[in-house]
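An overview of the molecular structure
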Amino acid sequence: MIWKKEFNLKDLNGNNGYYTNPFHIEFIEKGDDYLICKMPITTIALQPMGLLHGGVSVYVAETIGSYAGFLCINDENKAAVGLDINANHIKSVKSGFIYAKAKPNHIGGKTHVWSIEITNDKQELVSICRLTLAVVSI
């Protein structure tokens, strides 16, 4: 198991009022080496053409990846912060939910690399993102 901090999904969802709440992101599943969240597609998340905004997909990816990175650090004086993110948008979404699954490619003392796959209600790939986190002293 990769997690260094003890947590449950209720704890994560109780802590999301700060920056995840505008898009109603909800953490729904954790495994030994992954974390999953979902987000409803609402008008605030859409482009003027009525499609999910690519920037919102990136926001979701960085949100779940940053939470996952934080949970993999056992030093209370360190945090994981975004260093780089990229995204490939594969399929458009107009309604329903998207689901983001974060899995690590690398968890080191100074950096983490996370792959985040975003899917729709039909489990079709919407976006794939790679997030690099820097582990910094706070």
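Structure's up top.
The model shown is predicted, which means the values in this text are computed figures rather than measured ones. (Residues numbered from 1 in each chain as written. Predicted model: local features only at pLDDT ≥ 70, side-chain atom pairs only at ≥ 80, totals over all residues. Heavy atoms only, no water.)

**A word on the environment of serine 127**
Along the chain, serine 127 turns up in strand E6 (residues 125-137). Judged by its relative accessible area of 1%, serine 127 is buried. For serine 127 and glycine 54, which are 73 residues apart along the polypeptide, the C-alpha to C-alpha distance reads 8.5 Å. Separated by 2.8 Å, the side chains of serine 127 and histidine 89 make a polar contact. (Helix = DSSP H or I, 4+ residues; strand = E, 2+ residues; numbered from the N terminus. Buried < 20%, exposed > 50% of the residue type's maximum accessible area, 1.4 Å probe, protein only. Polar contact = N/O pair within 3.5 Å; in protein donor to acceptor, adjacent residues only side chain to side chain.)

**Overview of the pattern of salt bridges**
Between side chains of opposite charge, a pair can form as their charged atoms come close. Per the stated rule, a full pass over the model turns up one salt bridge. For aspartate 33, the salt bridge goes to lysine 103, with nearest N and O atoms at 3.4 Å. With aspartate 33 in the loop between strand E1 (26-30) and strand E2 (35-40) and lysine 103 in strand E4 (residues 97-107), this pair connects stretches of sequence that are 70 residues apart. Owing to a relative accessible area of 35%, lysine 103 belongs among the partly exposed residues under this scheme. (Salt bridge = Lys/Arg side-chain N within 4 Å of Asp/Glu carboxyl O.)

**Structural notes on the packing of aromatic side chains**
Per the counting criterion, the structure on display carries four aromatic pairs. Residues tryptophan 3 and phenylalanine 7 carry aromatic rings whose centres are separated by 5.4 Å and whose planes lie at 85° to one another, so their mutual orientation is edge-to-face. No difference in accessibility class separates tryptophan 3 from phenylalanine 7, as the two residues are buried. Between phenylalanine 27 and tyrosine 67, the aromatic rings sit 4.7 Å apart at their centres with planes inclined by 55°, giving tilted as the arrangement. Highlighted residues: phenylalanine 27 in strand E1 and tyrosine 67 in helix H2 (residues 54-71), separated in sequence by 40 residues. Of the two residues examined, phenylalanine 27 and tyrosine 67, each falls in the buried class. Here the guanidinium or amino end of lysine 30 rests over the ring plane of phenylalanine 7, the centre of that ring lying 4.3 Å away. Lysine 101 extends its terminal NZ or CZ atom over the ring of tyrosine 34, reaching a point 4.5 Å from the ring centre. (Phe/Tyr/Trp six-rings, centres within 6.5 Å; stacked < 30°, edge-to-face > 60°. Lys NZ or Arg CZ within 6 Å of the ring centre and 35° of its normal.)

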